[in-house]
Amino acid sequence: TANMLQWGALRAFLPSVRVYPGQTMLAVKMRATNNLNDQSAFRINVWATRKLPIWSTESGWSAPTATRSIIWALCDVLRSTYGGQLSDSYLPLTDFVALDAVFTAQERFFDYIFDQKTTVWSAAQTIARIGRAVPMIEGSLINLVRDTERTVPTMLFNQNNIHEGTFKWRISLPKDGDYDGVRIYYTDPDDFLENYIDCLIGDDGTPILAAREGHPDDDVGDNLEEIKLLGCTDRDWAYREGCYYRASKRKIRQTISFQTGLEGHLPKFGSLIGVSHDLPRWAQGGSILAVGGDHRTLTLSEPVTFTTGQINVIGFRLKDGTSSDPLTCTAGSDEFHVVLAADAPASLLVSDTTEPPQYLFGTSSTWCKQCVVSNVTPDGEDSVTIEAYTYEASVFTNDAAIAPDSPTSTPP
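Residues numbered from 1 in each chain as written. Predicted model: local features only at pLDDT ≥ 70, side-chain atom pairs only at ≥ 80, totals over all residues. Heavy atoms only, no water.

Q: Help me understand the sheet that holds strand β9 (residues 182–187), please; the structure alone is not making it clear to me.
A: Paired through backbone hydrogen bonds, the strands of a sheet run either parallel or antiparallel to each other. Spatially, β10-β9-β11 is the arrangement adopted by the three strands of the open sheet, whose pairing is mixed. Edge positions in the open sheet fall to β10 (194–199) and β11 (225–228), since each of these has one partner strand only. Within this sheet the neighbouring strands show an average axis-to-axis angle of 25°, counted without direction. The pairing of β9 with β11 spans four bridges and is parallel. What sits directly across from Tyr-185, in β11, is Lys-228. Contacting β9, β10 and β11, helix α4 (residues 235–251) runs over the sheet at an angle of about 45° to β10. (Pairing = 2+ DSSP bridges. Helix = DSSP H or I, 4+ residues; strand = E, 2+ residues; numbered from the N terminus. Axes fitted to C-alpha atoms, helices over the stretch in contact; angles between N-to-C directions. Contact = heavy atoms within 4.5 Å.)

Q: How should the packing of helix α1 (residues 70–79) against helix α2 (residues 93–106) be read in this particular structure?
A: Helix-helix packing is characterised by the crossing angle of the two axes and by the distance between the axes. As a packed pair, α1 and α2 sit with axes 8 Å apart at the nearest point and diverge in direction by 140°. By the angle between their axes, α1 is oblique relative to α2. In this structure, α1 contributes Ile-70, Ile-71, Trp-72, Leu-74 and Cys-75 to the contact, and α2 contributes Leu-93, Phe-96, Val-97, Leu-99, Asp-100 and Phe-103. (Parallel < 35°, antiparallel > 145°, perpendicular 65-115°, else oblique.)

Q: I would appreciate a short explanation of the confidence of the model for the chain in the present structure.
A: Interpreting fine coordinate detail is not advised for predicted regions of low pLDDT. Per-residue confidence for the chain averages 88 on the pLDDT scale, and 94% of its residues sit at or above 70. In the predicted structure, residues 207–220 sits below a pLDDT of 50 and forms 14 contacts with residues beyond four places in sequence or in another chain. Contacts for the low-pLDDT stretch residues 407–412, under 50 throughout, to residues beyond four places or in other chains number 10 contacts. (pLDDT = per-residue confidence, 0-100.)

Q: Got a minute to help me understand the packing of α1 against helix α3 (residues 120–130) in this structure?
A: One way to put it is that α1 packs onto α3 with a least axis distance of 9 Å and a crossing angle of 175°. The angle between α1 and α3 falls in the class roughly antiparallel. Within the contact between the two elements, α1 uses Ile-70, Ala-73, Leu-74, Val-77 and Leu-78 and α3 uses Val-120, Ala-123, Ala-124, Ile-127 and Ile-130. When its residues are assigned to classes, the contact of α1 with α3 shows 10 nonpolar, no polar and no charged. (Nonpolar A, V, L, I, M, F, W, Y, C, P; charged D, E, K, R; others polar.)

Q: Teacher, can you tell me more about the environment of Thr-322 here?
A: With respect to the helices, strands and loops of the structure, Thr-322 is situated in the loop between β16 (312–316) and β17 (327–331). A relative accessible area of 32% places Thr-322 in the partly exposed class. Sequence separation between Thr-322 and Leu-156 is 166 residues, and the spatial gap between their C-alpha atoms is 7.8 Å. Dropping the residues within four chain positions of it, Thr-322 is found in contact with Thr-154, Phe-316 and Arg-317. In this structure the side chain of Thr-322 is engaged in a polar contact, spanning 2.7 Å, whose partner is the side chain of Asp-320. (Buried < 20%, exposed > 50% of the residue type's maximum accessible area, 1.4 Å probe, protein only. Polar contact = N/O pair within 3.5 Å; in protein donor to acceptor, adjacent residues only side chain to side chain.)

Q: For this particular structure, what's the right way to read the nonpolar core?
A: In this structure, Ile-71, Phe-96, Leu-144, Ile-184 and Ile-197 are the most contacted members of the largest nonpolar core, which totals 46 residues. Those elements that provide at least two residues to this core are α1, α2, α3, β6 (141–146), β9, β10 and α4. Ranked by residues supplied to this core, first place goes to α1 with eight residues. Discounting chain neighbours no more than four positions away, the residues touching Phe-96 are Ile-71, Leu-74, Cys-75, Leu-91, Ile-142, Asn-143 and Leu-144. (Core = buried A, V, L, I, M, F, W, Y, C linked by side-chain atoms within 4.5 Å.)

Q: Which parts of the structure should I look at to understand α3?
A: Helical periodicity: at 3.6 residues per turn, an α-helix aligns residues three or four positions apart in one direction. Every buried residue belonging to α3 is among Ala-123, Ala-124, Thr-126, Ile-127, Ala-128 and Ile-130, and all of these are buried. Of the surrounding secondary structure, the elements contacted by the buried residues of α3 are α1, β5 (133–138) and β6. Looking one or two residues past α3, Arg-132 carries a phi angle of roughly 55°, positive in sign.

Q: Looking at this structure, I do not really get the sheet that holds strand β19 (residues 358–363). What am I missing?
A: The antiparallel closed barrel is built from six strands, whose spatial order is β14-β15-β18-β17-β16-β19. With strand direction ignored, the average angle separating the axes of adjacent strands in the sheet is 45°. Note that strand β14 (residues 284–291) and β19 share four bridges and pair antiparallel. Residue pairing in the sheet places Gln-284 in a bridge with Phe-361 of β19.

Q: Got a minute to help me understand the pairing of strand β12 (residues 254–260) in this structure?
A: Residues in a regular strand project their side chains so that they alternate between the two faces of the sheet. Sheet analysis places strand β8 (residues 168–171) next to β12, joined by four bridges and oriented antiparallel. Looking at β12, one finds that Arg-170 is bridged to Thr-255. Relative to strand β21 (residues 384–390), β12 runs antiparallel, the two sharing six bridges. Pairing of Phe-258 across the sheet is with Ile-386, part of β21.

Q: For this particular structure, what's the right way to read the side chain of Thr-390?
A: With respect to the secondary-structure elements, Thr-390 resides in strand β21. Residue classification places Thr-390 among the buried positions, given a relative accessible area of 2%. The contacts of Thr-390, once residues within four sequence positions are left out, are Ile-252, Gln-254, Lys-369, Gln-370 and Cys-371.

Q: Which parts of the structure should I look at to understand the pattern of salt bridges?
A: If the charged atoms of two oppositely charged side chains come close together, the side chains can form a pair. In total, this model carries 13 salt bridges according to the counting rule given. Put simply, Asp-399 and Arg-132 hold a salt bridge, and the shortest N to O gap is 3.0 Å. With Asp-399 in the segment after β21 and Arg-132 in the loop between α3 and β5, this residue pair connects regions lying 267 residues apart in the sequence. By relative accessible area, which is 8% here, Arg-132 ends up buried. Note that Arg-150 and Asp-147 form a salt bridge whose closest N and O atoms lie 3.2 Å from each other. Asp-147 carries the same exposure label as Arg-150, and that label is buried. One salt-bridge network, held together by shared partners, links Arg-108, Arg-132, Glu-241 and Asp-399. (Salt bridge = Lys/Arg side-chain N within 4 Å of Asp/Glu carboxyl O.)

Here it is as structure tokens:
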């Protein structure tokens, strides 16, 4: 005997859940009119205040606090349950506190809402970009590397510690079709709509008198590269970032790469290094063979030529692998000797049991080619490939500029 039961439908009333951890709930009442549809029902604008935990060296993490900080937004993405879920041991919090003070003094803030699903690393890159930085994994830590003005290289490389036949020097020349300006999009803080500002430097935006053949009316500035600066609500900072980006594109056109030994692990992404080589002859380099009893006379492996009428300096590698400040020097007894204006630092190590320290020699403005490390790749057990681009301090010229007036309407 068998019976068949066909269940057609079920209706239930579920109890309301009014607590949603980690989310802000809004109670909204809408009049049901013909203008209310599926799309407009979800377009709700609010004045919102972001509250995030803030860390201090005295009390640790605070309760959620109103903040526009770049650093604490980054930490929230990396630590939260809806983000990276990392413990504090992966974050250099003491360094972050100092960096937050720098951003606050510069009035750099991150004002953005992630309303679409993305990866933790992509969100971290978006946040860091407002501070002209990139997140980097350094050992077991996630740190920020900023592009800022630098003065003294952290390491020196010349023909003695660059593997023979591995040095490569590339120059990128301007070509037809290149962008001739930058248009930066940012969020207007008054109406929260997307606005823009054009960033032109040098001869950008001026007519070309000797135009390309067949196009006599071409102007510079009519082929703008469009960039969206998410989280930026400051017009001046949008302009400064656009000028920085444009200057970098125009002025940084030289890249180098070379292989070196285990010392190649010391510089990291963004480090400033000093480079010389026989091929471009950016400076004179070699090894320091001895330090005289007067602690000022240095014996060099290669002959050096002094430039008359200019300040001649020498920089060298210290025992911890870092570079010294360039020190003023004069000619010694012959071309293999120089005399420092002050005693050699105690951290200059020259002995029979250690590798001789490298040096770079030249005038105060040309004693080395300053480069910024863009990549470090291990090649086997005792070889490292370093890629870098030339350092140009002029790209930071507009970091205090005030944005000029421009139309406030969004372009088509």
